[in-house]
2 protein chains.
Amino acid sequence: MPAPKRDHLIATAQRLIAREGFKGVSVDRLLQEAGVAKMTLYKGFKTKDELILEVLRRRDSELRDWFMRSVESASDDPRERLLAGFDALEAWAARPDFNGCLFVSALSEYGDDSAPAHRAAREHKRLLLDYVVGLCRDAGLPDPETTGRDLRLLMEGATVARLTLGQTDSYQRAKAMAKSLIDKQRV
Amino acid sequence: MPAPKRDHLIATAQRLIAREGFKGVSVDRLLQEAGVAKMTLYKGFKTKDELILEVLRRRDSELRDWFMRSVESASDDPRERLLAGFDALEAWAARPDFNGCLFVSALSEYGDDSAPAHRAAREHKRLLLDYVVGLCRDAGLPDPETTGRDLRLLMEGATVARLTLGQTDSYQRAKAMAKSLIDKQRV
DNA sequence: CAGCAAACAGACGGACCGGTCTACATGCCC
DNA sequence: GGGCATGTAGACCGGTCCGTCTGTTTGCTG
């Protein structure tokens, strides 16, 4: 299958899944929405589950790449980079089709730890945490592991607040809390 | 339908939904798991969707009642009550069948604002926020609306951190941030 | 223009979906 | 013990699920 068509399938799947859940999107509906024939899908993917996994993999690299690029282009100061993460996520969540974090959704729909989608989601969150912890380390913070987790907690909280309450300034609120958290640790 | 059987059905549905998602649990499977006949279910509920709504309603009152009771029995000091909310949620998330917040899951599976489950979930979050804002007001905080939202953000973040990273101390970390947030506002 | 691979639409199979219905078992009240 | 409501198991319905298969159309290549 040519790459553009494959991308289009994955992107359409992601869009539908975001609004209706992984198990709420049927293959038939996806194909109709994407304007792709069934055989084309099954030539590129063994099963629906494999397509879903590919959606998650694609989203993982997309999101982390974009997060890292945003953060690193925002500033050279490691401490400012930490805070820039909140601005990046704010822009991400401002997209009209935002419906919370796809990986959190994946975990709630695939509660079984052995499910591939479950593992992929946890892996994504782990990698994101590792990156933030690295930023904390670069910033010379005394306990990068703990502070990294705290910052991630703030980011996740902002995402949920945005989703559940439509709170558009949630990331800025989280950023303010992050700032005071970091400032408190200055030696 | 007698109340105990109805409760059992709702409780079983909630347990299954928490692990497999709303759309991942079929009526047949639910009945098998609950040991209840189909006609019994459809005597008590018009459709599967109505059962799901009842699950959410039940969970909403259960969770808020329990949250309020925990908070109010923890202390008479409004400021300490705010912090006690984190301990309450920690105990809630420590249950072995914890799989994130059911209402956040509902929002991600029912992205359409007009879906009853979507509305129920938003309503729940709104009521919870209102309660926390009330606590902030009782504590005499200068901007109870904003601080209430910030505290809720911390709680949600802790829940997601617990789910995605298995971070067992997430609520205590959030509580520490909440404490510094509140202390900062002391006049 | 001929030939061919690939994408197309859509029928199809077996399983399962939500929901209705029948027939049998159980227990309770008079 | 007879009548009756209630719960049971499970057949059944039309529809949809995932995945396979068959033809037809398309568009590229020699």
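How each quantity is defined
- Residues numbered from 1 in each chain as written.
- Chains lettered and ligands numbered in written order.
- Predicted model: local features only at pLDDT ≥ 70, side-chain atom pairs only at ≥ 80, totals over all residues.
- Heavy atoms only, no water.
- 1 Å grid on protein atoms, 1.4 Å probe; cavity = no way out; pocket = protein on both sides within 12 Å on 5 of 7 lines; lining within 4 Å.
- Points joined across faces, edges and corners; volume = space filled by probe spheres on them.
- Helix = DSSP H or I, 4+ residues; strand = E, 2+ residues; numbered from the N terminus.
- Nonpolar A, V, L, I, M, F, W, Y, C, P; charged D, E, K, R; others polar.
- Near = heavy atom within 4 Å.
- Polar contact = N/O pair within 3.5 Å; in protein donor to acceptor, adjacent residues only side chain to side chain.

**Considerations on empty space enclosed by the protein**
To locate leftover empty space, one rolls a probe as large as a water molecule over the atoms.
Thought 1: In total, this model carries eleven cavities of 30 Å³ or more according to the counting rule given.
Thought 2: In this model, the largest cavity occupies a volume close to 200 Å³.
Thought 3: As for the largest cavity, its lining consists of 16 residues, and the residues nearest its centre are Ala18(A), Arg59(A), Asp97(A), Asn99(A) and Gly100(A).
Thought 4: Residue assignment for the lining of the largest cavity shows that the elements contributing at least two residues are helix H1 (3–20) and helix H6 (102–109) of chain A.
Thought 5: Across the lining of the largest cavity, the residue classes tally to seven nonpolar, five polar and four charged.
Thought 6: Empty space within the second largest cavity amounts to approximately 170 Å³.
Thought 7: Forming the boundary of the second largest cavity are Gln14(B), Arg15(B), Ala18(B), Arg59(B), Trp92(B), Arg95(B), Asp97(B), Phe98(B), Asn99(B), Gly100(B), Leu102(B) and Ser105(B).
Thought 8: Where the lining of the second largest cavity is concerned, the elements lending two or more residues are helix H1 (3–20) and helix H6 (102–109) of chain B.
Thought 9: With three residues, the single largest contributor to the lining of the second largest cavity is H1(B).

**Observations concerning the protein's contact with DNA strand C**
Thought 1: Of all residues adjacent to DNA strand C, which total 15 residues, the nearest are Thr40(A), Val27(B), Lys38(B), Met39(B) and Lys48(B).
Thought 2: Within 4 Å of the protein, the contacting atoms of DNA strand C are drawn from sugar and phosphate to the extent of 59%.
Thought 3: Lys38(B) places a side-chain nitrogen or oxygen 2.5 Å from a base oxygen of DNA strand C.
Thought 4: A distance of 2.9 Å separates a phosphate oxygen of DNA strand C from a polar side-chain atom of Tyr42(B).
Thought 5: Contributions of two or more residues to the surface near DNA strand C are made by helix H2 (27–34) and helix H3 (38–44) of chain B.
Thought 6: In terms of residues, the surface near DNA strand C owes the most to one element, H3(B), which gives three residues.
Thought 7: Along the lines of polarity and charge, the residues of the surface near DNA strand C split into seven nonpolar, four polar and four charged.

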